[in-house]
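# An overview of the molecular structure
For reference, the chains in residue letters:
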Amino acid sequence: MGSLASLYQDLILDHNRTPRNYRSMEDANRKAEGHNPLCGDKLTLWLRMEGDVIEDAAFQGSGCAISRASASLMTVAVKGKSRSQAEDLVERFRRLVTGALEPGEVPELGKLAAFAGVAEFPLRVKCASLSWHALRAALDQPEAIVSTE
Amino acid sequence: MSGTLAPAPAVVHADLGSERPEQLDTDRIRQDFPVLQQRVHGHPLVYLDNAATAQKPQVVIDAVSRFYSHENANIHRGVHYLSGQASAAYDLAREKVARFINARAPHEVVFTRGTTDSINLVAQSFGRSFLKAGDEILISRMEHHSNIVPWQLLCEQTGAVLRAAPLSSTGELDLDAFQELLSDRTRLIALVHLSNALGTINPIKQITSWAREREVPVLVDAAQSAPHLGVDVQDLDCDFLAFSGHKLYGPTGVGVLYGRESLLERMPPHQGGGGMIATVTLERSTWAPLPAKFEAGTPMIAQALGLGAAVDYVSGVGLSAIAAWEQQLLDYATDLLTRIEGCRLIGTARDKASVLSFVMDGVHPHDVGTILDCAGVAIRAGHHCAQPTMQHFGIPATARASFAFYNTKREIETLAETLRTVKRMFQ
């Protein structure tokens, strides 16, 4: 078990208090719903893709600090990214929160590196991953519902 | 109640003339529970998740272990020594449970896998036999999913309709609304005795008296009340009562369905197999008498013996002493948590026991749960398998501390102190 400070970093607490891109999106052309049935966390993710590029990303939902901050920082990180860049980020984030990322790769994730502490709290990996499951689903198909189970 | 095989009660009475209720010797009691002796994340374990499952006293662990080490055999089958011993021990466990809930006879006690299994048994046997399209099942909005979903399945199968009585803002059953929903179409009432999500105690005797006038059977979900209030099926005047062994300080995998004999006799088996038959030909079979009719296959013998030991242990401490001490813990916790600004109790019924649900402003219950865990405090965070109850309060989840007689006031203080840390972190 890691320290609480490594899990609840200031950046995470800040994005929990004031999540970025926390809104619905009228002109979205991609939408995915994420659901963690065990804890009841729910999230809707909207993307506006232009060609291969994510022009805008937004989310709404209810969840813990980890899931909310993760969704908030994710929407910030994927804006302007191409589909393949976003997919690469999904995979690297998954490895980050499960402790499978090489230490040298962590800084490349920028602010998302704040979630490295989640790896020490296995019960909370699903919280951090919910929005990323939704992102992958939204990239795969225009309307999707995903579950962490 | 049976107390013959139980340890001497660990109860000390307050000074004569004092109005303080009796105190439990928790120091001594805690020595009976090996799990409680450990540290978690560097802190003494504070186990406040008793509504999810309770810890096991050594006598229960020993009963299960002794069976597998020295007594193991299948029951009601062999002519050999061990089978005879195992059969007698299994029957004795049933007698202990029957005395514990004051059933009229041991054969009114059916061993099941747990509360969920017991309720499903009633739904699939009683329900499918005696309910038809348009008939109504009446529950409340504070039920555990295990007292909702089996009835939804039954409604799909029969065309019956599920009705749920509303709650007040404090989490009490709306009795006027309940009476209005109780109609000529009602064929079964299924109601929780002590809510696992709110701690509300429902007035079961009032409900059964109304039901009796209309000859509607009443099933009581006693998963929380059997360990924390004690149940007397004759006093409650209920027709079915379901509870789990593991919440009563016994093993997982065993539970109880009490059924009124006249109803159990009329009900067909819900499962077929060995042990539940009188005779079998390839054309047809006839059923064994109660309770074997509802216990197809080799039952959970070791677990039933463990439950028997748990019943002895609990009876030895005494349910009135347990309930009185847990009430003190609940009152103390209610007082301390109410003083924490931004901490709001969910479920403030007048009659409550052993469960304290709460939310904290700006902090999700899961974060509360993780931070408490880091201090060695185990609580439950989530919807407590009671999503309609959460919907009633307009929240997705709560944090829940639930108490047992081995908990102490010092542990409640640790809970409150750590909640202040939570508040500071999320300010």
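Residues numbered from 1 in each chain as written. Chains lettered and ligands numbered in written order. Predicted model: local features only at pLDDT ≥ 70, side-chain atom pairs only at ≥ 80, totals over all residues.

## Considerations on the domain arrangement of chain B
A common way to report how large an interface is uses the accessible area buried once the components associate. Residues and elements named next belong to chain B. Assigned domains of chain B: these are domain 1 (11–40 + 318–420) and domain 2 (61–315). When each unit is reduced to the centre of its C-alpha atoms, the spacing between domain 1 and domain 2 is 27 Å. On the domain 2 side, the residues contacting the 20 residues of domain 1 number 22 residues. Those elements that place two or more of their residues in the side of domain 1 that touches domain 2 are helix H12 (319–338), strand S16 (355–360) and helix H14 (387–393). (Domains from an automatic or database assignment. Contact = placed C-beta atoms within 7 Å. Helix = DSSP H or I, 4+ residues; strand = E, 2+ residues; numbered from the N terminus.)

## Looking at helix H3 (residues 65–78) of chain A
The periodicity of an α-helix, 3.6 residues per turn, causes residues three or four positions apart to be oriented the same way. For H3 of chain A, spanning 14 residues, the distance from its first C-alpha to its last is 20 Å, which sits close to the expected 20 Å at 1.5 Å a residue. Of all the 14 residues making up H3 of chain A, 13 are buried; the element is thus mostly covered by neighbouring parts of the structure. (Expected span 1.5 Å × (residues − 1). Buried ≥ 20, exposed ≤ 12 C-beta atoms within 10 Å, placed from the backbone.)

## Some details on the environment of Arg 136 of chain A
Summarising the element assignment, Arg 136 of chain A is placed in helix H5 (residues 125–140). On the basis of neighbour count, Arg 136 of chain A is assigned to the partly exposed category, with 18 C-beta atoms found within 10 Å.

## A look at the confidence of the model for chain A
Per-residue confidence for chain A gives a mean pLDDT of 92, with 98% of residues at or over 70. Ranking the elements of chain A by mean pLDDT puts strand S4 (residues 143–147) of chain A last with 75 and H3 of chain A first with 97. (pLDDT = per-residue confidence, 0-100.)

## Remarks on the pairing of strand S6 (residues 109–112) of chain B
Side-chain direction in a regular strand flips from residue to residue, so the side chains alternate between the two faces of the sheet. Residue and element names in this part refer to chain B. By the alternation rule, side chains of S6 split into Val 109 and Phe 111 and Val 110 and Thr 112, which are all buried. With four bridges joining them, S6 and strand S12 (residues 255–259) adopt antiparallel strand pairing. For Phe 111, the partnering residue across the bridge sits in S12 and is Val 256. (Pairing = 2+ DSSP bridges.)

## Examining the environment of Leu 305 of chain B
Residues and elements named next belong to chain B. With respect to the helices and strands, Leu 305 occurs in helix H11 (residues 301–317). You can call Leu 305 buried: it has 26 C-beta atoms within 10 Å. Sequence spacing of Leu 305 and Ala 105 is 200 residues, and the spatial spacing of their C-alpha atoms is 18 Å.

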